[in-house]
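Chain residues, written in single-letter form:
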Amino acid sequence: MKILLRHASIDFGNYEAAVLHETFGVISFRVKTEIDERCLQLPLVFRDGSDAREAYRRILQGRNACAASISLSDLESSWPIETAQKIEQYAQHLFDFDRPINI
């Protein structure tokens, strides 16, 4: 499932879980152990806890409905784009040995 943000997207297939930290307005995405066995987590940071809760609700609904994508583009958020891109490249390398890695 793709999670569409204003300036980026998240490939939820690279993550085992999304954990809501409503008090801090954050959703943490835990990288799959096949990609990183040290439980790397990336934060998706929102303006406040209510936006984070709404985003988390949409993510769970999309996951449970096996949706191809969901949009969070109406919610203000920040995401470590460069780190997420490195994770995607590394995951592609792990599952496609002919593809070069540029980390």
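Above this text is the structure in question.
Residues numbered from 1 in each chain as written. Predicted model: local features only at pLDDT ≥ 70, side-chain atom pairs only at ≥ 80, totals over all residues. Heavy atoms only, no water.

Draft legend 1. Local environment of helix H2 (residues 81–95). The end-to-end C-alpha separation of H2 is 21 Å, in line with the 21 Å expected for 15 residues at 1.5 Å each. Within H2 the residues assigned to the buried category are Ala84, Ile87 and Ala91. Each buried residue of H2 lies within a common arc of 55 degrees when the element is viewed along its axis, so the set occupies one face. (Helix = DSSP H or I, 4+ residues; strand = E, 2+ residues; numbered from the N terminus. Expected span 1.5 Å × (residues − 1). Buried < 20%, exposed > 50% of the residue type's maximum accessible area, 1.4 Å probe, protein only. Arc of directions from axis to C-beta.)

Draft legend 2. Structural context of the pattern of salt bridges. Per the stated rule, a full pass over the model turns up 9 salt bridges. Of the charged contacts in the structure, one is a salt bridge between Arg6 and Glu76, with a shortest N-O distance of 2.4 Å. Of this pair, Arg6 sits in the loop between strand S1 (2–4) and strand S2 (9–11) while Glu76 sits in the loop between strand S6 (69–71) and strand S7 (77–78), and the two are 70 residues apart along the sequence. The class for Glu76 is partly exposed, based on a relative accessible area of 42%. The closest approach of N and O atoms between Arg38 and Asp36, which form a salt bridge, is 3.4 Å. Residue classification places Arg38 among the exposed positions, given a relative accessible area of 66%. Judged by relative accessible area, Asp36 falls into the buried class, the value being 14%. Each member of the salt-bridge network shares a partner with another, and the members are Glu54, Arg57, Arg58 and Asp74. (Salt bridge = Lys/Arg side-chain N within 4 Å of Asp/Glu carboxyl O.)

Draft legend 3. Quick peek at the sheet that holds S1. The 3 strands are arranged S2-S1-S6 in an open sheet whose pairing can be described as mixed. Each edge of the open sheet is held by one strand with a lone partner, namely S2 and S6. Here the strands of the sheet are splayed against their neighbours by 15 degrees on average, with no regard to which way each runs. Strand direction decides the pairing type here: S1 and S2, joined by 3 bridges, are antiparallel. Directly across from Lys2, in S2, lies its bridge partner Asp11. (Pairing = 2+ DSSP bridges. Axes fitted to C-alpha atoms, helices over the stretch in contact; angles between N-to-C directions.)

Draft legend 4. Just helix H1 (residues 49–64), in detail. The first and last C-alpha atoms of H1 sit 22 Å apart over 16 residues, in line with the 22 Å expected at 1.5 Å per residue. Within H1 the residues assigned to the buried category are Gly49, Asp51, Ala52, Ala55, Arg58, Ile59 and Gly62. Lining the buried residues of H1 we find S1, strand S3 (15–21), strand S4 (26–31), strand S5 (41–46) and S6. (Contact = heavy atoms within 4.5 Å.)

All quantities given are derived from atomic positions and should not be read as evidence of function.
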